[in-house]
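Residue strings, one per chain:
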Amino acid sequence: MNRPSNFMPTPDQDVLDVKPLRTLAPMFPAPLGVNTFNQSTSPPLIFVTPAGQFQGGFGDWNNSVAKSFFAFGSKDAGVGKAHTFGDQNADDGKAATFGDQNTDDGKAATFGDKDASGSQNTAIGDQDCAGGQPAAHWSSDVSANANGPIDTTPITVYRATQPNVISLDDDDDDDENYVANQTSASGRKIKRPSRLSRYNMNDGLGSDSSNSTKTKRPKASHKKASADNELTMVPPSGDPREIVEAVLMTFEALRRRHLQMDEAQETSKRADLKAGAIMMASNLRANNTGKRIGVVPGVEIGDIFYFRMELCVIGLHAPSMAGIDYMVAKFGDEDDSVAICIVAAGGYDNNDDDTDVLVYSGSGGNSKNNEERHDQKLERGNLALERSLSRKNVIRVVRGYKDPGCLTGKVYIYDGLYRIHESWKEKTKNGIICFKYKLLREPGQPDGVAIWKMSQKWVENPTTRGNVLHPDLSFGAENLPVFLVNDVDNDKAPQHFTYITQVKHSKPLSSMNPLKGCRCLSVCLPGDANCCCAQRNGGNLPYSSSGLLVCRKPMVYECGESCQCSFNCRNKVTQKGVRIHFEVFKTGNRGWGLRSWDPIRAGSFLCEYVGEVIDDAKCDLNSHEDDYMFQTLCPGEKTLKWNYGPELIGEQSTNISPDTFEPLPIKLSAKKLGNISRFMNHSCAPNVFWQPVQFDYEDDRHPHIMFFALKHIPPMTELTYDYGDIGTDSSGVPRAKNCLCGSSNCRGFFI
DNA sequence: GCAACTTCAGCTCG
DNA sequence: CCGAGCTGAAGTTG
């Protein structure tokens, strides 16, 4: 892949560059073809818009006038770089003109000029409320209609559990038996020994073997914890989507916490398996009432996953390893074992351009250990695929791709329903006979992988993105360009504002106490009891080695300037700035919004809420008019329960309930000065949350407000957070707006 | 490249 | 016939 080297560097890739990011030109060069607007000469820019191709980018983008208008320099380092959009001075109007090769409607293209046509667009930015159905996401119902005549009744070869899709063990005995299984002495009903028992959270791995009598005892607290949380876990609505999301969120929380512990103890790094085993043992799963053909409730086309175990716990694809999931289903009077879901691992070179066709290789035949390769056999999964060809049942397809954000990782994308149209045998390069199945995507389904492919193409070559109004709203101030696009109407720009990357404080920074730093050499290590930064965070580093936030908490303390550790310390995450390809886009009915070209993992840092710090007194006067005011109001349950995991393994919950939630005094206005965060809309079913972070100044009342991903977010999905509930703001008169998010638990209004 | 690990199907046994 | 319990097969992940 021709991925630019600047693409979401992982910690391993972090260059040994200690320049403070926010005050200098982009640390990572922008992709070729994008003018970074720094002092160096820029390559010719070719953009393609629906209106046709034009050179030189956006109007006078490349010329010296533009450059001087967007003059850079370190002189404004105090507040980071500030670049004014659509300067209000008439003189600069020309320089601010963009997005149009002609001059005839230059006025309309004038960026954010308050007098230009753009001003009609009053409903912009974060005053608006995002839909619960993100742009790249559709309800499963759509694809359900495309199923065709599948009237088979799945025979459950599965033990049927409670009809409740997510069911915690309501039978305490089960867990007891599960533990009792270690001795096999109880004589009572014994749950099949999960290999969870081999995961001892403290001892690491049992060195051998599959012999269950040698297995170690899982943490005893496990049982109690799962019972305690029964009520907090089940989403009140019973909505399948909510349940799936709750299960995935729990899995992730558990996984992150286990990884954190593993990293501290340098033990096994298979936190995914541990989390999965706990979920299985506690019956914390979705859609576990039996396998099924076709749509899985609560799983939507385009959903992304990072571990096979995730597919498992939501009932999308049961086998933890195998690529073919199958079941016995009824066809008329006959039973047949047919394939129901496949995971195309992406190891084969399919015709990648046609996302509606998939040639899938049968399973087996690979040499493992000492065995030799052999021809594939028509049995199990392969046989089921063959039966599916004749039975013509739909098959769910999950496609695996290399994770662009992680060198070694993989992303799985649910791509909806396919049907097998053809099968044949083929001799592979290795000389073995292998089965091939040609699947065609059922028509009428929303795009899944197609969107992924498209946005990946944009990342590699941004000039392929159409409808671009501006190639970088940040004018080079962010690590990566922020595109401004409009696919829906003629609006040319949001209302005027000035792009800054650091919060503007009302009082001089020198009056604030610097945060005390640690003395760790090189990097802070997890498990180092002497690291005062870890201590400040409660004994653990708040981020995993890949930079994901482990837990939401009242405050996260990163290492800062006064620490002795290096730039590469894993406890420096948010201060390094944006690592995601964002675009500000025009939504259908909620003004402008924010979304990403990259897939985003739950726990990833997105961006900071940047604006002017507003004094309390001043705020009361202004808050009515300021739609860009950020306040730490109590968010909804989804956000508050992001940390569900720790309780499951008997640790103290770090959750905050609405009753105990206390807002911080900080108030930030991004009306005049701001960054991408000001475009994030509200949703009662958000995919982003805010988290207070400190790394430079010691001030619990005025920390940085950082945004993190609440769940995995597919590319091109609108990013939204919960603006907070009404009535929690004690100062001033709260304004309630009608909420349009449309989520099943929409509160109907927001601040 | 290797070691370590999972879930479930499919079987046997009582 | 049913459920418990065992084994083998599948590939993922670090």
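Definitions and cut-offs
- Residues numbered from 1 in each chain as written.
- Chains lettered and ligands numbered in written order.
- Predicted model: local features only at pLDDT ≥ 70, side-chain atom pairs only at ≥ 80, totals over all residues.
- Heavy atoms only, no water.
- Core = buried A, V, L, I, M, F, W, Y, C linked by side-chain atoms within 4.5 Å.
- Buried < 20%, exposed > 50% of the residue type's maximum accessible area, 1.4 Å probe, protein only.
- Helix = DSSP H or I, 4+ residues; strand = E, 2+ residues; numbered from the N terminus.
- Domains from an automatic or database assignment.
- Contact = heavy atoms within 4.5 Å.
- Disulfide = S-S within 2.5 Å.
- Salt bridge = Lys/Arg side-chain N within 4 Å of Asp/Glu carboxyl O.
- Pairing = 2+ DSSP bridges.
- pLDDT = per-residue confidence, 0-100.
- Phe/Tyr/Trp six-rings, centres within 6.5 Å; stacked < 30°, edge-to-face > 60°.
- Lys NZ or Arg CZ within 6 Å of the ring centre and 35° of its normal.
- Polar contact = N/O pair within 3.5 Å; in protein donor to acceptor, adjacent residues only side chain to side chain.
- Axes fitted to C-alpha atoms, helices over the stretch in contact; angles between N-to-C directions.
- Expected span 1.5 Å × (residues − 1).

S.K.: Sorry, what's going on with the nonpolar core here?
M.R.: Note that soluble globular proteins tend to have their nonpolar side chains buried in a common cluster. Membership of the largest hydrophobic core comes to 47 residues, with the highest contact counts inside it found for Val 299, Phe 305, Ile 314, Leu 316, Val 398 and Tyr 414. Ranked by residue count, the leading element in this core is helix H8 (residues 240-265), at seven residues. When we break this core down by domain, the ones giving at least three residues each are domain 1 (293-309 + 317-450) and domain 2 (461-750). With sequence-adjacent residues up to four places away left out, Phe 305 is seen in contact with Leu 248, Val 299, Glu 310, Leu 311, Ile 314, Leu 316, Lys 410, Val 411, Tyr 412, Tyr 414 and His 712. In terms of nonpolar packing, the next biggest core, distinct from the first, is built from 42 residues, Tyr 499, Ile 600, Leu 668 and Trp 690 among them.

S.K.: I tried to follow the state of the cysteines on my own but got confused; where do I start?
M.R.: By definition, a disulfide links two cysteine residues through a covalent bond between their sulfur atoms. One pass over the full model with this rule turns up zero disulfides. Lacking any disulfide linkage, Cys 312 is separated from the closest cysteine sulfur, that of Cys 341, by 11 Å. Cys 739 provides the cysteine sulfur closest to Cys 746, a residue in no disulfide bond, and the two sulfurs are 3.6 Å apart. In this structure Cys 746 comes out as partly exposed when scored by relative accessible area, which is 27%.

S.K.: Any chance you could explain the pattern of salt bridges here in plain terms?
M.R.: Taken as a whole, this structure holds 30 salt bridges when the rule is applied. Residue Arg 399 pairs with Asp 415 through a salt bridge whose shortest N-O separation is 3.7 Å. Of this pair, Arg 399 sits in strand E10 (residues 394-402) while Asp 415 is found in strand E11 (residues 410-427), placing the two residues 16 residues apart along the sequence. In this structure Arg 399 comes out as buried when scored by relative accessible area, which is 6%.

S.K.: Would you mind showing me how to read the sheet that holds strand E21 (residues 629-631) here?
M.R.: To summarise the sheet geometry, strands pair through backbone hydrogen bonds and adopt either a parallel or an antiparallel arrangement. With respect to topology, three strands assemble into an open sheet ordered E20-E22-E21, the strand pairing being antiparallel. At either end of the open sheet lies a strand with only one pairing partner, and these are strand E20 (612-613) and E21. Two strands pair when backbone bridges link them, and E20 and strand E22 (residues 667-669) are joined in this way by two bridges, in the antiparallel orientation. For Glu 612, the partnering residue across the bridge sits in E22 and is Ser 669.

S.K.: Would you explain the confidence of the model for chain A in this entry?
M.R.: The predicted coordinates ought not to be read in detail in places where the model reports low pLDDT. Of the residues in chain A, 64% have a pLDDT of 70 or more, and the chain-wide mean is 71. Taken as a whole, residues 1-81 scores under 50 in pLDDT and shows 181 contacts with residues more than four places along the chain or in a different chain. Contacts from residues 130-232, a stretch scored under 50 in pLDDT, to residues over four places away or in other chains number 229 contacts.

S.K.: What's the story with the pairing of strand E7 (residues 324-331) in this structure? I'm lost.
M.R.: Within a regular beta strand, the side chains point alternately toward one face of the sheet and then the other, so they alternate between its two faces. The pairing of E7 with strand E8 (residues 334-344) spans eight bridges and is classified as antiparallel. Across the sheet, residue Ile 324 finds its bridge partner in E8, namely Ile 342. Remark: two residues form the turn of the hairpin made by E7 and E8, two consecutive strands paired antiparallel; Gly 332 in that turn has positive phi of roughly 65°.

S.K.: Just to check I follow, could you spell out the packing of aromatic side chains for this structure?
M.R.: The geometry of two aromatic rings is summed up by the distance between their centres and the angle between their planes. What the rule picks out here adds up to 18 aromatic pairs. Arranged with centres 4.6 Å apart and planes meeting at 50°, the rings of Trp 642 and Phe 689 form a pair that is tilted. Taken together, the residues span a long stretch of sequence, with Trp 642 in the loop between helix H15 (637-640) and helix H16 (645-648) and Phe 689 in strand E25 (residues 688-694) at a distance of 47 residues. Given a relative accessible area of 1%, Trp 642 falls into the buried group. For Phe 689, a relative accessible area of 1% corresponds to the buried category. Joined through ring pairs, the aromatic side chains of Tyr 609, Phe 630, Phe 661, Trp 690, Phe 707, Tyr 721 and Tyr 723 make up one cluster. Just above the ring of Phe 567 sits the side chain of Lys 576; from NZ or CZ to the centre is 4.5 Å.

S.K.: Please clarify how the environment of Asn 589 should be interpreted in this entry.
M.R.: With respect to the secondary-structure elements, Asn 589 resides in the loop between strand E17 (582-586) and strand E18 (592-596). Residue classification places Asn 589 among the exposed residues on the basis of a relative accessible area of 51%. Separated by 151 residues in sequence, Asn 589 and Leu 740 have C-alpha atoms that sit 9.1 Å apart. Here Arg 590 takes part through its side chain, which lies 2.8 Å from a polar atom of the side chain of Asn 589.

S.K.: What exactly am I supposed to notice about the sheet that holds strand E13 (residues 468-470) here?
M.R.: Pairing is mixed in the open sheet, where four strands are placed in the order E13-E14-E17-E18. Of all the strands in the sheet, the pair left with one neighbour each is E13 and E18. On average, adjacent strands in this sheet sit at an angle of 35° to one another, irrespective of strand direction. Relative to E18, E17 runs antiparallel, the two sharing five bridges. Directly across from Val 584, in E18, lies its bridge partner Leu 594.

S.K.: Hey, could you run me through H8 in this one?
M.R.: The first and last C-alpha atoms of H8 sit 37 Å apart over 26 residues, in line with the 38 Å expected at 1.5 Å per residue. In the stretch just after H8, Glu 266 is the one whose phi turns positive, near 55°.

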